[in-house]
Amino acid sequence: MGSSVERTDEHVREYLTYRGFTSTLKHLDSEIKADKEKGFRVDKIIDQLLQFIHSFDLCALKEYWLYLDRRLFCRLEDVYRSTVNKLRTSLYRYYVINTIQKGNLEKTQEFFQKQALELQTQTEWRDWFILPFIPAPEQNPAFSPYFSRQWSDTFLVSLHNFLSVLFQCMHILQLRRHGHRPVLLSFDAEVQKMTSLTEENEQLRQLLFAQQTESRDHRDGEEMVHHKLPAYVQNMDRLGDTELDLVSIQRAVSTTATPSRNFFSTFLPQGRRTPGKTPQVPTGSSPSQAAMGRKDPATNQTVKLKDAGQTKEVKPVSCQAPTGEPPSSQSQQPSNQQAHPRHKRIQEHEKERKELFSKAPTQGPEKKGETGEAELPTENSGEVPDSSSSNSRSSGGGAERGLSVEQPFIKLSQEEYGEHHSSIMHCRVDCSGRRVASLDVDGVIKVWSFNPIMQTKATIMSKSPLLSLEWATKPDRLLLLGSGVGTVRLYDTDSKKNLYEMNIDETHPRILSLACSPSGSSFVCSAAALSRSASAESASRLPIPVSGRLLLWDTKTVKQQLQFSLEPEPVAINCTAFNHNGNLLVTGAADGVIRLFDMQQYESAMSWRAHDGEVYSVEFSYDENTVFSIGEDGKFIQWNIHRCGVKQSEQVLPQDATGPFVLSGYSGYKQVQVPRGRLFAFDSEGHHVLTCSSSGGLIYRLTNGDPGLESVLSLGGHKAPVVTVDWCSAVDCGTCLTASMDGKIKLSTLLAQKS
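Since the structure is predicted, the reported quantities are computational estimates derived from the model, not experimental observations. Each chain carries its own residue numbering, running from 1 in the direction its sequence is written. Under the rules for a predicted model, residues below a pLDDT of 70 receive no local features and side-chain atom pairs below 80 are neither given nor counted, while totals for whole chains, interfaces and linings still include all residues. Values reported for side chains reflect all heavy atoms of the structure, with hydrogen atoms and water molecules removed beforehand.

J.: Any chance you could break down the side chain of Ser740 for me, citing the residues and the numbers?
T.: Helix and strand definitions here come from DSSP, where helices need a minimum of 4 consecutive H or I residues and strands a minimum of 2 consecutive E residues; each element is numbered from the N-terminal end. Positionally, Ser740 belongs in strand S29 (residues 733-740). Two N or O atoms count as a polar contact when they lie within 3.5 Å, although within protein this holds only if one can serve as hydrogen donor and the other as acceptor, and sequence-adjacent residues are included solely when both atoms are side-chain atoms. In terms of polar contacts, Ser740 uses its side chain to reach the side chain of His718, at 3.1 Å. Of the polar contacts made by the side chain of Ser740, one reaches the side chain of Asp742; its length is 2.3 Å.

J.: Can you lay out the packing of aromatic side chains for me, pointing to particular residues and giving the numbers?
T.: Geometry of aromatic contacts follows a simple scheme: Phe, Tyr and Trp rings, the Trp one being its six-membered ring, pair when their centres are within 6.5 Å, and the pair is stacked under 30 degrees between planes, edge-to-face over 60, tilted otherwise. The full count for this structure, using the stated rule, is 23 aromatic pairs. For the pair Phe111 and Phe112, a centre-to-centre distance of 5.3 Å together with 80° between the ring planes defines the contact as edge-to-face. Given the relative accessible area of 7%, Phe112 is considered buried. Taken together, the aromatic side chains of Tyr92, Tyr94, Tyr95, Phe111, Phe112, Trp125, Trp128, Phe129, Phe143, Tyr146, Trp151 and Phe155 make up a single cluster linked through ring pairs. Three labels apply to residues, based on accessible area from a 1.4 Å probe with only protein chains included: buried if under 20% of the type maximum, exposed if over 50%, partly exposed otherwise in between.

J.: Can you explain the environment of Val723? Please cite residues and give values.
T.: Mapped onto the fold, Val723 is located in strand S28 (residues 722-730). Owing to a relative accessible area of 2%, Val723 belongs among the buried residues under this scheme. Between the C-alpha atom of Val723 and that of Ser423, which follows or precedes it by 300 residues, the distance is 8.6 Å. Residue contacts follow a heavy-atom distance rule, with two residues in contact if any of their heavy atoms lie within 4.5 Å. Beyond its immediate chain neighbours, meaning those up to four positions away, Val723 contacts Ile424, Phe661, Gln673, Arg678, Leu679, Cys692, Ala739, Ser740 and Met741.

J.: Mind laying out the sheet that holds strand S6 (residues 466-471), listing which residues take part and the relevant values?
T.: The rule for pairing is simple: two strands pair if DSSP sees at least two bridges between them. Strand order across the open sheet formed by four strands is S6-S7-S8-S9, with antiparallel pairing between neighbours. Two strands lie at the open edges of the sheet, namely S6 and strand S9 (497-503), each paired on one side alone. On average, adjacent strands in this sheet sit at an angle of 20° to one another, irrespective of strand direction. Where S6 and strand S7 (residues 478-483) come together, five bridges link them in antiparallel fashion. Paired with Glu470 across the bridge in S7 is Leu480. Think of each axis as a best-fit line through the C-alpha atoms, taken over the contacting stretch in the case of a helix, with angles from 0 to 180 degrees between the N-to-C directions.

J.: Tell me about the state of the cysteines, and please be specific about residues and values.
T.: When two cysteine sulfur atoms are found within 2.5 Å, that pair is recorded as a disulfide. This structure, assessed with the given rule, holds zero disulfides. There is no disulfide at Cys736, and the cysteine sulfur nearest it, in Cys728, is 9.5 Å away. Given a relative accessible area of 0%, Cys736 falls into the buried group.

J.: Describe in detail the nonpolar core, supporting the description with residues and values.
T.: A general tendency of soluble globular proteins is for nonpolar side chains to be buried together. Judged by nonpolar contacts, the single largest core of 46 residues is most densely connected at Phe73, Phe111 and Leu163. Where this core is concerned, the elements lending two or more residues are helix H3 (42-54), helix H4 (58-71), helix H5 (81-101), helix H6 (105-114) and helix H8 (149-168). The leading source of residues in this core is H5, at nine residues. Setting aside residues no more than four positions away along its own chain, Phe111 makes contact with Leu58, Tyr92, Tyr95, Val96, Leu119 and Trp125. To form a nonpolar core, buried Ala, Val, Leu, Ile, Met, Phe, Trp, Tyr and Cys residues must be joined to one another through side-chain atoms within 4.5 Å. Counting 34 residues, the second largest nonpolar core, distinct from the first, contains Phe628, Leu679, Leu690 and Leu750.

J.: Residue-level account of the confidence of the model for the chain, with values.
T.: Caution is warranted with low-pLDDT regions, since their predicted coordinates should not be read in detail. Taken residue by residue, the chain gives an average pLDDT of 75. The fraction at 70 or more is 69%. For every residue, the predictor assigns a confidence score, pLDDT, that lies between 0 and 100. Ignoring residues within four places in sequence, the model shows residues 250-339, a span with pLDDT below 50, making 114 contacts including any to other chains. Low pLDDT, under 50, characterises residues 359-404; the predicted model gives this stretch 80 contacts beyond four residues in sequence or across chains.

J.: Could you give me a rundown of the sheet that holds strand S19 (residues 626-631), with the residues and numbers involved?
T.: Two modes of strand pairing occur in sheets, parallel and antiparallel, and in both the strands are linked by backbone hydrogen bonds. If you trace the four strands from one edge of the open sheet to the other, you get S18-S19-S20-S21, paired in antiparallel fashion. Of all strands in the sheet, those with a lone pairing partner are strand S18 (615-620) and strand S21 (646-652), marking the two edges. Each neighbouring strand pair of the sheet contributes to a mean axis angle of 20°, computed without reference to strand direction. Strand direction decides the pairing type here: S19 and strand S20 (residues 635-640), joined by five bridges, are antiparallel. Pairing of Ile630 across the sheet is with Phe636, part of S20.

J.: Residue-level account of the pattern of salt bridges, with values.
T.: Salt bridges are identified by distance alone: a Lys or Arg side-chain nitrogen within 4 Å of an Asp or Glu carboxyl oxygen. Under the counting rule described, the total for this entry stands at 21 salt bridges. With a shortest N-O distance of 3.4 Å, Glu110 and Lys107 are connected by a salt bridge. Taken together, the residues Glu110 and Lys107, both in helix H6 and three residues apart, mark about one turn of the helix. Its salt-bridge partner being Lys635, residue Glu650 comes within 3.0 Å of it at the nearest N-O pair. On the criterion of sequence distance, the pair formed by Glu650 in strand S21 and Lys635 in strand S20 is long-range, its members being 15 residues apart. One connected set of salt bridges, linked through shared partners, spans Arg428, Glu470, Glu619, Arg678 and Asp726.

J.: Which residues make up the pairing of strand S11 (residues 522-528), and what values go with them?
T.: Burial runs high along S11: seven of the seven residues are buried. Of the two faces of S11, the one holding Ser522, Val524, Ser526 and Ala528 and the one holding Phe523, Cys525 and Ala527 are both buried throughout. Bridge count for strand S10 (residues 510-516) against S11 is six bridges, and the pairing is antiparallel. Each residue of the ladder has a partner; that of Ser513, found in S11, is Ser526. Where S10 hands over to S11, the hairpin turn is made up of five residues, of which Gly520 adopts a positive phi near 80°. Sheet analysis places S11 next to strand S12 (residues 548-554), joined by seven bridges and oriented antiparallel.

Pasting the structure below:
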């Protein structure tokens, strides 16, 4: 009850501040300070009672207890009246014992003088009137138990439990004027209900997925091995020779017109057909054998029926004949075809075949998603599938190949956080995976949580422009904010206030990057001089790198420890990252050089030119034997840190994954944003990487130096280019964050399929 009241008070304060009701807010704060109920917090009420006891304020103690009696206790049932009287008696005895222990006998005598009329008629107080006149009451057998620590602790715990249970049942006591609990105070109950519903929904979703997988596997095993023949196949002897000839003609035309088309290509639209490996068909003869003209007498009839069913699935015979069919086959369809009873029987058999093959789940999960888009090709495809070209394709072709490969992730849900009203610069999850901090180009920072519900925890408005942010590691409630005026702020997200503001460097006012060490004792700060360009931060950078400094600050003393040496010349550092124990620091600079620093010696261990242009983003790999980087040249490169400047792999990414990012609008409007946040993030095992794209995040499988990245999942969901990403992994479920230029942040929950 107390926590919900306190949270509701915060919401009311936030609303009054938003509406500008400052006078009402002042009255609210003053009344909250004078609130005798202390926001229904039991610990505050007991602290107030103890304060009156230790200050020997008997009148205030009596008045406060009478207020609690009128406000709370009098509404209880009569059966609880004896409990209230016992607690009041123990409270007064606690006061008397405290006066004797503190040696203030005047207050002891004052108590019995003022309370004589009230207490002399009560039998439990009859022996207590001699207490002031006993030389050593703590040794008296009748009073010694009350001087023990055990009695005082038992009394305070009993009073605490009684008040706690009372506040939990306040909705039954009908304390409010209207006889019911305010709607705002039901916040905790709604959160608990939402949490339980979310957990139940997640369990049901997992159960449904498991049942669907089991059912699909069971159905595939039965239908691919033990086909149940339909009625028209069992009664095939009823078909006449003309019908079988018609099926044979269509079979011959299908195999001669498309000799190089694999089985899956017949189900794809013309624009979606790409070269790829020919998948194997689990039942009957393979289509490649049919295309090469191979004939198996034992399975000839089955192959004919199967291919005829595929033809009918795409387009019925009663419509226009397929392209490339000889005139002889068209001449076998008279104008009065529907009126002929034999042709009616043919149409009925064709309909049954169509229904049969449309339900056959023999193509795999990717093919199922494509059947709804199938259409009949209008021209023959004479190209031979080139598997080598498919394997060598980089990011673009990976999404269309591998139809039979099992997806490593399943997208369970995708939620949207839309509290920002301008393009996002940074979006980071804290170390615990409970909170997210996002920064937009207007300098507005939102701290929000997504479990169990998406909720904004804090909003930070800055007068000066903000360029960077980073979560502290220990404690993880602290947030580092780098500005454009040479300052770094340490913000407490729990208390919602600034703890420190550090002046970094006046000559290098732009704080481009922040990185906190895993121990939490220090952080690295990249400061750069003002750009020589007159345009804003979103404009294209100059080809000549600006000056910069890389500094190490102590988070406890809030003082600068040292300045790193940047050779051959001081240059702006765009990105920084620590390894898991903080012994190594990798940086990417505006001159295209990656520098690796030894944090035990505080010196550069190695450096090499990595990109033609600036380095936008850099991260350690999962095993920390390599470093990945993305640069202005659009390349995604893996570097061996044991051999300086040696590439292990190099991939060329599209511009929408590396930047600069462009958002076009009406009347020639164009917004350009240079990358500032993280451009790629790894999963928990380092096997997959999440990158930006024009419509959402893209997940690739790292191929260990093989040419080309293999795209495994497109998250989608965005209408504007994604400019920064982050990936928080926990057990099998991971959370991917993708932030775009329209201020929208998509939170995608993934389920990893373990092989």
